Amino acid sequence: MNENDPGGFDLIGFGEAMVLFQPEGALRSAERTTVHVAGAELNLCAAAARAGLRTAYCSRVGADPLGEKIVDHAASFGIATDLVTTDYQRPTGLFVKDVRPDGVRRVHYYRRGSAASALSDEDARRVLASRPRLVAVSGITSALSDSARDAVRTLLTQAPAFGVQVAYDPNLRPALGDLDAQIAEARSLFPHVSVLLIGTDEAEPLFGTAEPEAVFRAARAAGVAETVLKAGPDGCWYAEGDVATHLPSAATTVVDPVGAGDAFAGAYLAGRVRGATPAGAAWLAGQFAAAIVARPGDTDGLPAPAEAEALLAAALTTHPSARLPS
């Protein structure tokens, strides 16, 4: 990773955040619900901020209480929100979880025409003008709308001119439209990606293989500078040179897996920005992901600041197989 510091932020996340309404049990019969904030890039920023990075978030929210809640949530992690624009014409997106009697979870999204779907080149240019060390974005944003897709393209293609590196998570989502189009879009962006954060479930459609060393070779051939392969409950694979190494999951308790991949990505990037090797960054990321899955919610399980600081120190000074410092 680039060790120069061209601007005030280490990392800026770019994308949509929404408010989640999570009922107790099945939605149809629920009388109570809890309210949370969620979004891949914002979750990533929360993990990176907790790991000590100077972090900002760029998005659009509606002029409504849901938008205010998103801004407050970001600020509670120390994430700068100056790049969040209030849209007085469009609402903040929301989604609702439904836990069926058979235990299957379904998610209902209400994001069409949302403020974040109007993200555009104007927003991308504001991010680049801030000259962060790193920008984090995902394929979810590209799939929101034509203008959001163009904004992501602008970020990736123009980032080198501003001395900015880009971390990209394809985050393929069939619910957001034509999956083949999402795959084609992701492939077109690979030559501009500094760090690719990809799941094993996405590797097959994107590269034609989920075999780790083959994925790393294919990513390098596509122009990606650095790749880490997220394997969910099986941990992750990272590469140093031509050698792919497996790191098992650090999770011992799994309550809710949602948000683990975002926490992993934020912690991995934080480790790399702070000078950790890919091995050390992957170990740090695994610790953050394990903390997230042990509690409900996308960010509630993040390590406390003092614990996060100790984990980062361990990632910088110990072998990735080291245990959590006592």
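The following paragraphs examine the structure supplied in this document. (Residues numbered from 1 in each chain as written. Predicted model: local features only at pLDDT ≥ 70, side-chain atom pairs only at ≥ 80, totals over all residues. Heavy atoms only, no water.)

Notes on helix H3 (residues 121-129)
The periodicity of an α-helix, 3.6 residues per turn, causes residues three or four positions apart to be oriented the same way.
Here's step 1: Among the residues of H3, those classed as buried are Asp123, Ala124, Val127 and Leu128. Down the axis of H3, the buried set is contained in an arc of 135°. They therefore lie on one face.
Here's step 2: In the core, the buried residues of H3 are packed alongside strand E1 (11-14), strand E4 (55-62), strand E5 (84-87), strand E8 (134-138) and helix H5 (146-158).
Here's step 3: Arg131 lies just past H3 and shows a positive phi near 50°. (Buried < 20%, exposed > 50% of the residue type's maximum accessible area, 1.4 Å probe, protein only. Helix = DSSP H or I, 4+ residues; strand = E, 2+ residues; numbered from the N terminus. Arc of directions from axis to C-beta. Contact = heavy atoms within 4.5 Å.)

A closer look at the nonpolar core
Here's step 1: With 56 residues, the main nonpolar core has Leu11, Ile79, Tyr268, Leu269 and Phe288 as its most contacted residues.
Here's step 2: Among the elements that make up this core, the one with the highest residue count is helix H10 (residues 278-293) (10 residues).
Here's step 3: Dropping the residues within four chain positions of it, Leu11 is found in contact with Leu44, Cys45, Ala48, Leu53, Arg54, Thr55, Ala56, Leu134, Ala136 and Leu269.
Here's step 4: Counting 40 residues, the second largest nonpolar core, distinct from the first, contains Ala124, Ala151, Val166 and Leu206. (Core = buried A, V, L, I, M, F, W, Y, C linked by side-chain atoms within 4.5 Å.)

So, the state of the cysteines
Here's step 1: All told, the structure shown has 0 disulfides when counted by the stated rule.
Here's step 2: With no disulfide partner, Cys45 has as its closest neighbouring cysteine sulfur the one in Cys58, 10 Å distant. (Disulfide = S-S within 2.5 Å.)

With respect to the sheet that holds strand E2 (residues 18-23)
Here's step 1: The strand order across the open sheet built from 4 strands is E3-E2-E6-E7, with neighbouring strands paired in mixed fashion. Edge positions in the sheet fall to strand E3 (33-38) and strand E7 (105-110), since each of these pairs with one other strand and no more. On average, each strand axis in the sheet is inclined to that of its neighbour by 25°, with strand direction left out of account.
Here's step 2: Of the pairings in the sheet, the one linking E2 to strand E6 (residues 94-99) comprises 3 bridges and is parallel in character. Within the sheet, the bridge partner assigned to Leu20 lies in E6 and is Phe95.
Here's step 3: Here helix H2 (residues 65-76) sits on the sheet and contacts E2, E3 and E6; the angle it forms with E2, its principal contact strand, is near 100°. (Pairing = 2+ DSSP bridges. Axes fitted to C-alpha atoms, helices over the stretch in contact; angles between N-to-C directions.)

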